[in-house]
Amino acid sequence: MERKLDRIKNMAYKHSKDQISAIETFIDFLNNDSQALIITGSAGTGKTSLIKDYAKASKQSNWNYIPLGVWGRSSSAVTQITGIPAITVAKYIKINKEILDNKIDENSFTEWYKKQYSKRFLADLVEKYFSHEKNEVKGDVIVVDESSCLDDDALIQFTNFCIDNAVNDFKLVFIGDDCQLPPIGQEESNGLNKPWIESNLGLTVSGVVELTESHRTSEGPLSELWEELRPLAKSGASGEQARKIILNNINNKEIVGFGLKHVIKECAEAYKKASDEVVLITPRNNEAFDFSTELRKVYYPDLFKSLDVGEKIRSEINGLNEEVLTGDEYEVAEIIEDTDKFTIIKAKELTRKQEFTGFSGFIESLKDIFSIFESKEDRFLTIAVYKPPLSYFAEWVKRGGKGYLRVRMGNDWDEMGWENGEDRTVDDITSCKYAYTTTVHSAQGGEWENVVLNLEPDKRNDTARFWYTAATRAKKLLMVLRVE
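Residues numbered from 1 in each chain as written. Predicted model: local features only at pLDDT ≥ 70, side-chain atom pairs only at ≥ 80, totals over all residues. Heavy atoms only, no water.

A look at the overall build of the protein chain
If you tally the helices and strands in the protein chain, you get 18 helices and 16 strands. By residue count, 58% of the 484 residues in the protein chain fall in the buried class. A separation threshold of at least 6 residues defines the contact pool for the protein chain, and within that pool the share at least 24 residues apart is 77%. Only carbon and sulfur atoms are counted for the fraction: they give 46% of the accessible area of the protein chain, which is about 21,800 Å². (Helix = DSSP H or I, 4+ residues; strand = E, 2+ residues; numbered from the N terminus. Buried < 20%, exposed > 50% of the residue type's maximum accessible area, 1.4 Å probe, protein only. Contact = heavy atoms within 4.5 Å. Areas by Shrake-Rupley, 256 points an atom, 1.4 Å probe, with all protein chains shown as cover.)

Structural data, given as structure tokens:
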């Protein structure tokens with residue numbers, strides 16, 4: 001008990017009391033016989049930030065540690081916020097299947113993971129990250145961020161591979177907000193459901209820790225709105241109730257209401273000040289595409305080509321080389337070549353990396369181990385952006401969907417034959433949309449200082465949980481779009 005109290009006293013100032021409790025609970029979890037731990041809480045309570053604290057605690061206790069996200073955007077957020085390389089759960093499952101089928105050279109997932117990140121970081125430092133002060137590794141700690149978005153089939157496959165891959169033992173940590181949207185195709189999420197995990201996955205859950213103190217905004221209209229919406233989302237209330245609450249909270253301070261013309265004007269002003277911190281969120285994909293086109297005309301009024309330096313784009317599929325993942329966002333730093341079907345660009349990865357002070361109760365020697373992932377330099381990639389879906393929404397809804405789009409893109413790239421293996425190479429080939437807007441589903445895991453929210457309901461998704469997810473993306477200002 002005395003050791004824990006000392007650690008709490010030494011906790012860096014940025015941690016809330018419930019974060020400190022979550023770290024102490026995790027340390028206990030590493031030393032008990034249970035296999036799973038659930039960390040939940042509302043938006044902005046610092047759930048993802050705990051992943052680095054958990055990594056350090058795991059290393060100190062001689063466990064392997066690998067973080068995962070449910071999709072490209074969530075795994076990128078983990079990497080960007082914590083500095084620790086993360087991949088998607090789907091990628092984890094895919095690599096393990098390929099290992100079983102002898103389709104890749106590596107004999108274990110850990111071996112593949114080390115090789116993957118030795119490409120980006122110094123190989124000897126990556127090896128050091130996986131080394132331990134003692135010879136015996138206790139097992140694997142695997143953390144999944146945004147677990148509420150993980151469907152049941154993926155949960156089962158993922159857990160089975162975790163069990164099979166364990167060196168000696170394994171620990172799973174499921175992190176997320178149980179009031180956000182469930183996986184597509186399911187009415188409820190089970191990724192944070194203790195009874196379901198115990199009965200269907202056969203795991204013993206050590207406990208459920210709920211974070212309540214927000215780090216995203218101070219007490220005020222926005223946090224009060226979240227507090228009103230969260231119980232509705234938890235109880236399965238209607239979207240109409242949630243929309244009424246949002247409208248009733250318009251106060252001309254942190255929550256404002258504007259018509260479309262005024263919204264576009266406000267977005268333009270916010271974009272000039274901080275282009276990474278403004279987004280328009282809407283329920284439907286076609287609307288997101290159309291709004292993005294309109295905003296682009298305002299942001300770049302003299303632009304008549306598909307892409308130019310300074311523009312923001314978001315990958316909507318995994319790249320052919322899977323270096324770029326769904327949800328990854330980039331700023332165009334240079335146009336290398338503009339062809340008929342592709343624009344080859346030098347792109348700067350847009351990050352959500354935050355200053356990390358860390359839990360000071362950990363041993364000093366861990367600082368060197370984690371320093372390999374703490375480069376403050378921007379990361380640049382050479383990317384071939386497929387032009388047709390950038391300009392025409394119809395490209396995204398053709399028969400066969402994104403899978404067929406990916407095939408067409410690959411065929412067109414091969415036919416063009418741009419790469420020569422020497423001075424003409426790319427890191428990846430992908431299809432993007434302009435990142436000035438997003439749908440509510442795609443916004444999960446994201447946060448922006450200025451958010452425009454189109455409240456016009458979609459009958460398929462008009463629930464309190466849907467609007468809670470949308471409203472909690474705003475850090476400072478929520479602009480409600482009033483339909484004219």
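So, next bit.
Some remarks on the pattern of salt bridges
Per the stated rule, a full pass over the model turns up 27 salt bridges. Residues Lys476 and Glu449 are paired through a salt bridge, measuring 3.8 Å at the closest nitrogen-oxygen approach. Remark: Glu449 occurs in strand S15 (residues 448–454) and Lys476 occurs in strand S16 (residues 474–481); sequence separation between them is 27 residues. Residue classification places Lys476 among the exposed residues on the basis of a relative accessible area of 53%. Taken together, the shared-partner salt bridges connect Asp177, Asp178, Glu210, Arg230 and Lys234 into one network. (Salt bridge = Lys/Arg side-chain N within 4 Å of Asp/Glu carboxyl O.)

Regarding the nonpolar core
Phe26, Ile39, Tyr54, Leu68, Tyr92, Phe158 and Phe174 are the most contacted members of the largest nonpolar core, which has 59 residues in total. When residues of this core are assigned to their parent elements, the largest contribution, six residues, is made by helix H2 (residues 17–30). Residue contacts for Tyr92: discarding those within four places in its chain leaves Leu68, Ile87, Phe109, Ile142, Phe158, Phe161, Cys162 and Asn165. Core analysis: the next-biggest nonpolar cluster, separate from the first, contains 33 residues, Tyr271, Tyr330, Val332 and Cys432 among them. (Core = buried A, V, L, I, M, F, W, Y, C linked by side-chain atoms within 4.5 Å.)

Some remarks on the environment of Tyr330
Mapped onto the elements of the fold, Tyr330 is located in strand S10 (residues 329–338). Taking the relative accessible area as the measure of exposure, Tyr330 reaches 1% and is therefore buried. When the C-alpha atoms of Tyr330 and Tyr434 are compared, they prove to be 9.8 Å apart, with 104 residues separating the residues in sequence. The residues contacting Tyr330, other than those within four sequence positions of it, are Glu311, Lys312, Ile313, Val324, Ala347, Lys348, Glu349, Leu350, Leu381 and Ile383.

A short note on helix H18 (residues 464–471)
Summarising burial for H18: eight of the eight residues are buried, a large majority. Within the sequence span of H18, burial applies to Ala464, Arg465, Phe466, Trp467, Tyr468, Thr469, Ala470 and Ala471.

Details of the environment of Val144
In this fold, Val144 is placed in strand S4 (residues 139–145). The sequence separation of Val144 and Val173 amounts to 29 residues, and the corresponding C-alpha distance is 6.2 Å. Beyond its immediate stretch of four places on either side in the chain, Val144 contacts Leu68, Val70, Val89, Leu150, Phe158, Val173, Phe174 and Ile175.

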